[in-house]
Amino acid sequence: MFTLTTDSAVDVFRSELDKLGVYWVPLTYTIDGVTYADDFSDDGRYKDFYDRIRNGAMPVTSQINPYEHEEFWESVIAKTGPTDIVHLTLSGGLSKTYESACKAAENFMTKHSDSRVYVVDSLGATQAEMPVFEAALRMRDSGEDASVAADALRAYAHRIQVYIVADDLFHLKRGGRVSAASAVIGSLLKIKPLIIFDDAGRLQVYKKPAGWKKALRVILDHIAEYCPQPETKKFWIAHADAYDKAEEAKAAILQAYPGAEVQIGWIGPVIGAHTGAGTIGILFEANSRLM
């Protein structure tokens, strides 16, 4: 059996992580010069974050540096004693946090020869980490060896197909991610960029459907094509304070596949700072990623 640790980008309520016996290290975000820990444990904290974005705030996020990772694992073994650790991070294609964790793990293990740290890149973030996180929990609780679990989780991450439907083009424009002209024209045409995680965990624009319903239709078509036996599978839906759309997506999936399981969760500040309010993500286990 191993000890499971993660960073807060996984977006499980932090109080729930505590109950599950999962140790976590917070990322941070800054608004108007004030830095906050990503330590949310209730819906109100998420809603307040997105209300501030709707009022014009442009949060800035920061990675966890190697020193912070080392100090975090020191605090873990102070509670557990010597232990093997599987540490799950948000995608290395989005943040240097994964690279930082790898460097920290090497340093940590030179000081603690009786503990090993296996860093796993989830190749996703927020609810897109959930399939890997839940698999890690099952492996931990079944007493799996840490090195075997880490290898299995790394392979599994490559099979999680993620679709993100961005809603607020003007937020993307304010953050420098699209031009002013693209934001204006895209909004007039009701373009909702459909973004996917590629096989390196980077975000790529896949299509530009006109409207949320057309974007959802594309995703449903892809489920039928790329998800083996979808009626027996679990789907995860992420939302940036867009619960009505998340419920609409859930209903559409269950109408097509009544035997499926669908779980809805928040997009937290680490990713929401970049996507803005209204964003929806849908993910499932496929044979492989599209790109």
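Shown above is the structure to which this text applies.
Residues numbered from 1 in each chain as written. Predicted model: local features only at pLDDT ≥ 70, side-chain atom pairs only at ≥ 80, totals over all residues. Heavy atoms only, no water.

## With respect to the overall build of the chain
Okay, so step 1: When helices and strands are tallied, the chain shows 11 helices and 13 strands.
Okay, so step 2: At 19 Å, the chain has a C-alpha radius of gyration in line with the 19 Å of a compact globule built from 291 residues.
Okay, so step 3: Structurally, the chain occupies a C-alpha span of about 60 × 50 × 30 Å along its principal axes.
Okay, so step 4: Relative to its 291 residues, the chain shows a buried fraction of 52%.
Okay, so step 5: Here the chain displays about 12500 Å² of accessible surface, and carbon together with sulfur accounts for 52% of that area.
Okay, so step 6: Side-chain charges of the chain comprise 31 positive and 39 negative groups, with the mean position of each set lying 7 Å from the other. (Helix = DSSP H or I, 4+ residues; strand = E, 2+ residues; numbered from the N terminus. Rg over C-alpha atoms; globule rule 2.2 N^0.38 Å. Buried < 20%, exposed > 50% of the residue type's maximum accessible area, 1.4 Å probe, protein only. Areas by Shrake-Rupley, 256 points an atom, 1.4 Å probe, with all protein chains shown as cover. Lys, Arg positive; Asp, Glu negative; His and termini not counted. Charge placed at Lys NZ, Arg CZ, Asp CG, Glu CD.)

## Considering the pattern of salt bridges
Okay, so step 1: For the structure on display, the rule yields 17 salt bridges.
Okay, so step 2: One salt bridge connects E261 with K234, and the closest N-O pair in it is separated by 3.8 Å. Here E261 is found in strand β12 (residues 261-266), whereas its partner K234 is found in strand β11 (residues 234-239), with 27 residues between them in sequence.
Okay, so step 3: On the basis of relative accessibility, which here comes to 18%, the residue K234 falls in the buried class.
Okay, so step 4: Each of K47, D51, R54 and D241 takes part in salt bridges that share partners, so that together they form one network. (Salt bridge = Lys/Arg side-chain N within 4 Å of Asp/Glu carboxyl O.)

## Concerning the sheet that holds strand β7 (residues 117-121)
Okay, so step 1: Read from one edge to the other, the open sheet built from four strands follows the order β2-β1-β6-β7, with strand pairing classed as parallel. The open sheet has two edge strands with one neighbour each: β2 (23-25) and β7. Going from strand to strand, the sheet's axes swing by 25° on average, the running direction of each strand aside.
Okay, so step 2: Across four bridges, strand β1 (residues 3-7) lies against strand β6 (residues 85-89) in parallel orientation. Along β6, the bridge assignment pairs T3 with I85.
Okay, so step 3: Relative to the sheet, helix α5 (residues 130-141) contacts β1 and β6, its axis offset from that of β1 by approximately 165°. (Pairing = 2+ DSSP bridges. Axes fitted to C-alpha atoms, helices over the stretch in contact; angles between N-to-C directions. Contact = heavy atoms within 4.5 Å.)

## Quick notes on the pairing of β12
Okay, so step 1: Bridge analysis of β11 against β12 gives six bridges, and the strand direction is parallel. By the bridge assignment for β12, F235 is matched with V262.

## Quick notes on the environment of F197
Okay, so step 1: Within the secondary structure layout, F197 lies in strand β9 (residues 194-197).
Okay, so step 2: Along the sequence, F197 and A128 sit 69 residues apart, while their C-alpha atoms lie 9.3 Å from each other.
Okay, so step 3: Not counting the four nearest positions on each side in its chain, F197 is found in contact with S91, L94, L123, G124, A125, A128, V162, I164, R202, L203 and R289.

## What about the layout of surface pockets?
Okay, so step 1: In this structure, the second largest pocket occupies an estimated 160 Å³ of space.
Okay, so step 2: Of the residues in the lining of the second largest pocket, the class split is six nonpolar, four polar and two charged. (1 Å grid on protein atoms, 1.4 Å probe; cavity = no way out; pocket = protein on both sides within 12 Å on 5 of 7 lines; lining within 4 Å. Points joined across faces, edges and corners; volume = space filled by probe spheres on them. Nonpolar A, V, L, I, M, F, W, Y, C, P; charged D, E, K, R; others polar.)

## As for the sheet that holds β9
Okay, so step 1: Pairing in this open sheet of six strands is mixed, and the strands run β10-β9-β8-β13-β11-β12 from one edge to the other. Where the open sheet ends on each side, the last strands, each with one partner, are β10 (203-207) and β12. For this sheet, the mean inter-axis angle between neighbouring strands, taken without regard to orientation, is 25°.

## Description of the environment of Y98
Okay, so step 1: Mapped onto the elements, Y98 comes out in helix α4 (residues 97-111).
Okay, so step 2: With 24 residues separating them along the chain, Y98 and S122 place their C-alpha atoms 9.2 Å apart.
Okay, so step 3: Once you skip the residues sitting within four places of it in the chain, Y98 turns out to touch T89, L90, G92, V119, V120 and D121.

## Some remarks on the side chain of R289
Okay, so step 1: Looking at where R289 falls in the secondary structure, it is placed in the segment after β13 (280-285).
Okay, so step 2: At 5.1 Å, D199 is the nearest oppositely charged side chain to R289, a buried residue that forms no salt bridge.
Okay, so step 3: Here L123 takes part through its backbone oxygen, which lies 3.0 Å from a polar atom of the side chain of R289.
Okay, so step 4: Within the structure, the side chain of R289 is placed 2.9 Å from the backbone oxygen of D198, a separation counted as a polar contact. (Polar contact = N/O pair within 3.5 Å; in protein donor to acceptor, adjacent residues only side chain to side chain.)

## Remarks on the packing of helix α3 (residues 66-80) against α4
Okay, so step 1: With their axes 8 Å apart at the nearest point, α3 and α4 run at an angle of 50° to one another. Classified by the interaxial angle, the pair formed by α3 and α4 is oblique. Between α3 and α4 lies a crossing of right-handed hand. Of α4, the residues touching α3 (which contributes P66, H69, E70, W73, E74 and I77) are T97, S100, A101, A104, A105, N107, F108 and K111.
Okay, so step 2: The residue makeup of the contact of α3 with α4, split by class, is seven nonpolar, four polar and three charged. (Parallel < 35°, antiparallel > 145°, perpendicular 65-115°, else oblique. Left-handed = near helix turned anticlockwise from the far one by under 90°.)

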